[in-house]
Amino acid sequence: MLTRNVNILAGFTVKELLNRRILQVLFLLFMLFLLSIPLWKHFAPETEATVLADFGAGLVGFFLLMVSLVTTSDMLPRDHEEGRGAYFWAHAMTRKDYLLGRALGCFLFLTFSFVLLLGMLKIFFVLKGWPFLFWPSLFLLLKYFILSAFLFAISPLIERFSAVFLGLAFYFFASSLSTLSLLAGESKNPGLQLFVKTIGNLLPHFEVFDAAAAAPQWLYGSKAVLYG
């Protein structure tokens, strides 16, 4: 059960992130990239709707990746450097409440960012008269929850820019495990095969959440949520 301190700190975290200029710039850049989507229809006019929908969903995913990296890799190191962690603990807040409040606030902000970006994309497609399925993109959020949890866990242990690079490496490998497994099998290299098999057992498989082309049903959705 969440305590009052956790709820207060989570709300404070969301307000703090909303006021950060770098995140405001990311949202503005998303709007600019959104306006460029019609240009892509010239590359594949015969499959215009599919190409534009995939590009739009990929655009949302890219900016959610940036939001995840900026927020969760920086939160705890920033508190440590500015002495805010000690301030929170001095006001009858346990370390557990502090960590839960910060993590919950980051996840709430990520959810807000997801709804905002996907909502902007949906509105843009509606205004243009293009079809866009909202449902498959919901699984993107689970992927970035996992990435944010990973970043939140490692960020107090290493330097903040190292956390960003490790987060990108984590995301790349977790998103490419099927491809890496195929390439390792074709290479006939036992060392490479062992390496790919090892990271495949250690890392989550983000391909599970790439449901844009899968027309997910309730059974698929339930499995993806449980896996997430």
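Residues numbered from 1 in each chain as written. Predicted model: local features only at pLDDT ≥ 70, side-chain atom pairs only at ≥ 80, totals over all residues. Heavy atoms only, no water.

Caption draft 1: Up close: the overall build of the protein. Looking only at helices and strands, the protein has eleven helices and zero strands in total. Written out in order from the N terminus, the α and β elements of the protein read α-α-α-α-α-α-α-α-α-α-α. Residues classed as buried in the protein amount to 43% of the 228 residues present. Once local pairs closer than 6 in sequence are excluded, the contacts in the protein between residues at least 24 apart make up 75%. Accessible surface, the protein: about 12,800 Å² in total, of which carbon and sulfur atoms supply 71%. (Helix = DSSP H or I, 4+ residues; strand = E, 2+ residues; numbered from the N terminus. Buried < 20%, exposed > 50% of the residue type's maximum accessible area, 1.4 Å probe, protein only. Contact = heavy atoms within 4.5 Å. Areas by Shrake-Rupley, 256 points an atom, 1.4 Å probe, with all protein chains shown as cover.)

Caption draft 2: A look at the pattern of salt bridges. Per the counting criterion, the structure on display carries seven salt bridges. Here Glu 16 ties to Arg 102 by a salt bridge, and the two come within 3.0 Å at their closest N and O atoms. Taken as a pair, Glu 16 in helix α1 (residues 4-18) and Arg 102 in helix α6 (residues 95-128) lie far apart in primary sequence, 86 residues in all. Look at Arg 102 and you get buried, because its relative accessible area is 0%. (Salt bridge = Lys/Arg side-chain N within 4 Å of Asp/Glu carboxyl O.)

Caption draft 3: Region of interest: a nonpolar patch on the surface. Residues Val 25, Leu 28, Leu 29, Met 31, Leu 32, Phe 33 and Leu 35 make up a contiguous nonpolar surface patch of about 650 Å² in total accessible area. In this structure, Leu 28 sits in helix α2 (residues 21-35). (Patch = residues over 30% accessible without salt bridge, like charges linked within 9 Å, V, L, I, M, F, W, Y side chains within 5 Å.)

Caption draft 4: Representation of the packing of helix α9 (residues 177-187) against helix α10 (residues 190-202). Two elements in contact, α9 and α10, have axes whose closest approach is 9 Å; the angle formed by their N-to-C orientations is 160°. Here α10 runs roughly antiparallel to α9, going by the angle between their axes. Viewed along their axes, α9 and α10 form a crossing whose handedness is left-handed. Contacts between α9 and α10 involve Leu 177, Leu 180, Ser 181, Ala 184, Gly 185 and Ser 187 from the first element and Leu 192, Gln 193, Val 196, Ile 199 and Gly 200 from the second. (Axes fitted to C-alpha atoms, helices over the stretch in contact; angles between N-to-C directions. Parallel < 35°, antiparallel > 145°, perpendicular 65-115°, else oblique. Left-handed = near helix turned anticlockwise from the far one by under 90°.)

Caption draft 5: Main features of α2. Helix length check: α2 (15 residues) gives 22 Å between terminal C-alpha atoms against 21 Å at 1.5 Å per residue, within 8%. Residues of α2 that are buried: Leu 23, Leu 26, Phe 27, Phe 30 and Leu 34. Looking straight down α2, one finds its buried side chains confined to an arc of 95°; they lie on one side. Facing away from the buried surface of α2 by more than 90 degrees, the exposed residues are Arg 21 and Leu 35. (Expected span 1.5 Å × (residues − 1). Arc of directions from axis to C-beta.)

Caption draft 6: Quick look at the side chain of Ser 155. Structurally, the position occupied by Ser 155 is in the loop between α7 (139-154) and α8 (160-175). At 3.3 Å, the side chain of Ser 155 forms a polar contact with the backbone oxygen of Phe 152. Each residue touching Ser 155, except ones within four places of it in the same chain, is listed here: Thr 72, Ser 73, Leu 76, Pro 77 and Ala 163. (Polar contact = N/O pair within 3.5 Å; in protein donor to acceptor, adjacent residues only side chain to side chain.)

Caption draft 7: Layout of the packing of aromatic side chains. Inspection of the entire model under this criterion finds 14 aromatic pairs. Judged by centre distance (5.4 Å) and plane angle (90°), the ring pair of Phe 62 and Phe 63 falls under edge-to-face. Summarising the aromatic geometry, the rings of Tyr 171 and Phe 206 are spaced 5.9 Å apart at their centres and angled 55° between planes, so their arrangement reads as tilted. Note that Tyr 171 is positioned in helix α8 and Phe 206 in the loop between α10 and α11 (218-227), a separation of 35 residues in sequence. Of the residues examined, Tyr 171 reaches a relative accessible area of 18% and is grouped as buried. Residue Phe 206 is classed as buried on the basis of its relative accessible area, which comes to 0%. Taken together through their ring pairs, the aromatic side chains of Tyr 144, Phe 150, Phe 170, Tyr 171, Phe 206 and Phe 209 make up a single cluster. (Phe/Tyr/Trp six-rings, centres within 6.5 Å; stacked < 30°, edge-to-face > 60°.)

Caption draft 8: Seen up close, the nonpolar core. If you look at the biggest cluster of nonpolar residues, it comprises 50 residues, and the most contacted ones within it are Phe 30, Ile 37, Val 60, Leu 121, Phe 125 and Tyr 144. The contacts of Leu 121, once residues within four sequence positions are left out, are Leu 34, Ile 37, Gly 56, Ala 57, Val 60 and Phe 132. (Core = buried A, V, L, I, M, F, W, Y, C linked by side-chain atoms within 4.5 Å.)

Caption draft 9: Just the environment of Tyr 98, in detail. Residue placement: Tyr 98 occurs in helix α6. Residues Tyr 98 and Gly 85, spaced 13 residues apart in sequence, show a C-alpha to C-alpha distance of 7.7 Å.

Caption draft 10: Looking closely at α1. Taking 1.5 Å as the rise per residue, α1 with 15 residues should run 21 Å; its terminal C-alpha atoms sit 21 Å apart, in good agreement. What α1 keeps buried is the set Val 6, Leu 9, Ala 10, Thr 13, Val 14, Glu 16 and Leu 17. Projected down its long axis, α1 carries its buried residues within an arc of 160°, all on one side. Every exposed residue of α1 that faces more than 90 degrees away from the buried side is listed here: Arg 4 and Lys 15.

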